[in-house]
Amino acid sequence: MFRFFCSPILLARQLPKIYEATGFINPARVRIALAEKKALDQVEFVEVDVMKGEHRQAAFRAKNPSASVPVLELECGTAIAKCSAITEYIDHNFPVENN
Ligand SMILES: N[C@@H](CCC(=O)N[C@@H](CS)C(=O)NCC(=O)O)C(=O)O
């Protein structure tokens with residue numbers, strides 16, 4: 001089971017979200033990390049239309065002021081940007097017993 005930074009008491013049964021853009025390398029790295037943990041079904045992927053500048057809009061900048069994907073958003077709303085930080089989080093918080 002996925003371990004949380006956020007209190008499970010306050011959380012609805014919602015999956016963490018990965019904001020990504022298909023075909024871009026940094027989001028792909030996050031998918032690879034999740035695939036290694038057999039955890040692709042333990043997150044919800046949200047497509048961000050980078051080509052239309054969706055990542056530069058205020059709603060997305062509120063999650064990541066750097067205006068880039070990927071972003072991991074935990075159930076409590078905490079957002080983690082940068083693929084190295086996200087893959088580190090995945091490595092430490094997703095179990096290895098599925099492997
Ligand atoms: N340092 C960031 C870089 C993320 C990044 O450059 N993402 C690209 C996609 S691979 C992006 O969002 N590009 C949109 C832009 O720069 O406008 C990370 O490691 O995640």
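Scroll up to find the structure this text is about.
Here's a quick rundown of the structure.

Reading the values: rules and limits
- Counting starts from 1 at the beginning of each chain's written sequence and moves along it residue by residue.
- In keeping with the model being predicted, local features are shown solely for residues with a pLDDT of at least 70 and side-chain atom pairs are shown and tallied solely at 80 or more, while totals for entire chains, interfaces and linings include all residues.
- By the criteria applied, helices consist of DSSP H or I runs no shorter than four residues and strands consist of E runs no shorter than two, each listed in order from the N terminus.
- We call a residue near a molecule or strand when the C-beta position, derived from backbone atoms, sits within 6 Å of it.
- When residues are sorted by character, Ala, Val, Leu, Ile, Met, Phe, Trp, Tyr, Cys and Pro go into the nonpolar class, Asp, Glu, Lys and Arg into the charged class, and all the rest, Gly among them, into the polar class.
- Put plainly, a residue is buried at 20 or more neighbouring C-beta atoms within 10 Å of its own, exposed at 12 or fewer, and partly exposed in between, counting only other residues' C-beta atoms, which are placed from the backbone.
- Think of it as the arc spanned by the lines of direction from the helix axis to the C-beta atoms.
- Contacts here follow a simple rule: the backbone-placed C-beta atoms of the two residues must lie within 7 Å.
- Axis geometry follows a simple rule: fit a line to the C-alpha atoms, using only the stretch in contact for helices, then measure angles between N-to-C directions, giving values from 0 to 180 degrees.
- Throughout, the term roughly parallel applies to angles under 35 degrees, roughly antiparallel to angles over 145, roughly perpendicular to angles from 65 to 115, and oblique to all others.

### Examining unusual backbone geometry
Of note, the bond from V69 into P70 is cis; its omega dihedral lies within 30 degrees of zero at 15°. Structurally, P70 can be placed in the loop between helix 2 (58-61) and strand 3 (71-73). Positioned with a positive phi, A67 is a non-glycine residue whose angle comes to about 55°. Turning to its location among the elements, A67 is positioned in the loop between helix 2 and strand 3.

### Quick look at the site of the ligand
Every residue close to the ligand is listed here: F24, I25, N26, V50, H55, S68, V69, P70, K82, C83 and S84. Listed by contribution, the elements that provide at least two residues to the shell around the ligand are helix 1 (25-36) and helix 3 (83-93). When grouped by side-chain class, the residues that make up the shell around the ligand number six nonpolar, four polar and one charged.

### Here we look at helix 3
Among the residues making up helix 3, those that are buried are C83, I86 and I90. One side of helix 3 holds all its buried residues, which, seen down the axis, span an arc of 65°. Within helix 3, the exposed residues directed more than 90 degrees away from the buried face are S84, A85, D91 and H92. Structurally, helix 3 contributes buried residues whose contacts are with helix 1, strand 3 and strand 4 (79-81).

### Details of the packing of helix 1 against helix 3
Viewed as axis vectors pointing N to C, helix 1 and helix 3 meet at an angle of 10°, and their least axial separation amounts to 9 Å. On the basis of the axis angle, helix 1 is roughly parallel to helix 3. On the side of helix 1, the interface is formed by N26, R29, V30, A33 and L34, while helix 3 contributes C83, I86, T87, I90 and D91. Here the contact of helix 1 with helix 3 is built from residues that sort into six nonpolar, two polar and two charged.

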